[in-house]
Amino acid sequence: MIALIAARSQNNVIGRQGRIPWNIPGEQRQFRELTTNHVVIMGRRTYEEIGHPLPNRINVIVSRIRRFTGENLYTVSSLPQAIALFPDQKLFIAGGAGLFAEAIPIADSIYLTEIHTIIPDGDTFFPAFRIMDFEKEILEEGGEEIRYTRTVYHRKGSTLK
């Protein structure tokens, strides 16, 4: 199974100046719950923003310019190489925007936390995708100061969920 996992604002912003542009208590809970004990694939800049391997996960970093090594940490130069490393595992693509765009055509699911806010000065965006290719499921709504809705888009015809 290949899934994308992200949070985006109402205007599709996922980043601003290399950072997540919101801090909502509990918002990242879904990420931890879904990805723990699985493979997380991310680009170099996403990994550098986090600053360390995610615990209890296999971390695969896609980078053509740097190599990262460590326990449960692998570096490859392309998304196809990352997928080929763990063909029988659940794979979660965790950003950035370029990897999301490359992975959408092959994704079985897209887990999106829809943040109910507009980020006017965002500079990184979740790519557009053909919603008609997916069935939308609302998982949860929450948040106090800033509301959010956890959704998952399952590719129509996919038997993987």
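These numbers come from a predicted model, not from an experiment. Here the residue numbers are simple positions, counted from 1 along each chain's written sequence. For a predicted model such as this one, the threshold for reporting local features is a pLDDT of at least 70, and the threshold for listing and counting side-chain atom pairs is 80 or more; totals across whole chains, interfaces and linings nevertheless cover every residue. Side-chain figures throughout are based on the complete set of non-hydrogen atoms in the structure, without hydrogens or water.

Enquirer: Outline the nonpolar core, listing residues and values.
Expert: Judged by nonpolar contacts, the single largest core of 27 residues is most densely connected at Leu-4, Ile-41, Val-60, Ile-93, Ile-110, Phe-126 and Phe-129. For the purposes of this entry, the term helix denotes a DSSP run of H or I that reaches at least four residues, the term strand denotes a run of E that reaches at least two, and both are numbered from the N terminus. Going through the elements one at a time, strand E1 (2-9), strand E3 (39-43), strand E4 (58-62), helix H3 (79-85), strand E6 (91-93), helix H4 (97-103) and strand E7 (109-115) are the ones with two or more residues in this core. A contact between two residues is defined here by any heavy atoms of the two lying within 4.5 Å. Look past the residues within four positions of Ile-41 in its chain and what remains in contact with it is Val-60, Val-62, Leu-79, Ala-82, Ile-83, Leu-91, Phe-92, Ile-93, Ala-94, Gly-95 and Leu-99. Judged by nonpolar contacts, the second largest core, of 14 residues, contains Met-42, Leu-54, Phe-92 and Tyr-111. Nonpolar cores were defined as sets of buried Ala, Val, Leu, Ile, Met, Phe, Trp, Tyr and Cys residues, with membership established by side-chain atoms within 4.5 Å. Note on exposure labels: buried denotes an accessible area under 20% of the residue type's maximum, exposed denotes more than 50%, and partly exposed covers the range between, all computed with a 1.4 Å probe on protein chains only.

Enquirer: Tell me about the pattern of salt bridges, residues and numbers included.
Expert: Throughout this description, the term salt bridge denotes a Lys or Arg side-chain nitrogen within 4 Å of a carboxyl oxygen of Asp or Glu. Tallying each qualifying case throughout the model produces eight salt bridges. The shortest N-O distance in the salt bridge between Glu-114 and Arg-8 comes to 2.9 Å. Here Glu-114, found in strand E7, pairs with Arg-8, found in strand E1; they are 106 residues apart in sequence, far enough to count as distant. Side by side, Glu-114 and Arg-8 carry an identical accessibility label, which is buried. Residue Glu-140 is joined to Arg-150 by a salt bridge in which the shortest nitrogen-to-oxygen separation is 2.6 Å.

Enquirer: Account for the pairing of E7, naming residues and giving values.
Expert: Along E7, seven of the seven residues are buried, which leaves the element largely enclosed by surrounding structure. Note: E1 against E7, seven bridges, orientation parallel. Bridging from a neighbouring strand, Arg-8 pairs with Glu-114 of E7. Each pair of strands is called paired provided DSSP finds at least two bridges between the two strands. Sheet topology note: the E7/strand E10 (residues 148-155) ladder contains seven bridges and is antiparallel. Bridge assignment links Thr-113 to a residue of E10, and that residue is Arg-150.

Enquirer: Please provide a residue-by-residue account of the side chain of Thr-113, values included.
Expert: In this fold, Thr-113 is placed in strand E7. Other than its neighbours up to four places away in sequence, Thr-113 contacts Ala-6, Ala-7, Arg-8, Glu-27, Gln-30, Tyr-148, Thr-149 and Arg-150.

Enquirer: So what's going on with the sheet that holds E6? Which residues, and what values?
Expert: An order of E5-E4-E3-E6-E1-E7-E10-E9 is seen for the eight strands of this open sheet, with the pairing classed as mixed. The open sheet has two edge strands, strand E5 (73-76) and strand E9 (134-142), and neither has a second partner. This sheet shows a mean twist of 20 degrees between the axes of neighbouring strands, independent of strand direction. Inter-axis angles, ranging from 0 to 180 degrees, are taken between N-to-C directions of lines fitted to C-alpha atoms, where helices are fitted over the stretch in contact.

Enquirer: So what's going on with unusual backbone geometry? Residues and values would help.
Expert: With an omega of 5 degrees, the peptide bond running from Gly-95 to Gly-96 counts as cis. Within the secondary structure, Gly-96 sits in the loop between E6 and H4. Positive phi values are uncommon outside glycine, yet Asn-12 reaches one of about 70 degrees. Following the sequence through the fold, Asn-12 ends up in the loop between E1 and strand E2 (13-15). Positioned with a positive phi, Asn-37 is a non-glycine residue whose angle comes to about 70 degrees. For Asn-37, the position within the fold is in the loop between helix H1 (29-35) and E3. By relative accessible area, which is 61% here, Asn-37 ends up exposed.

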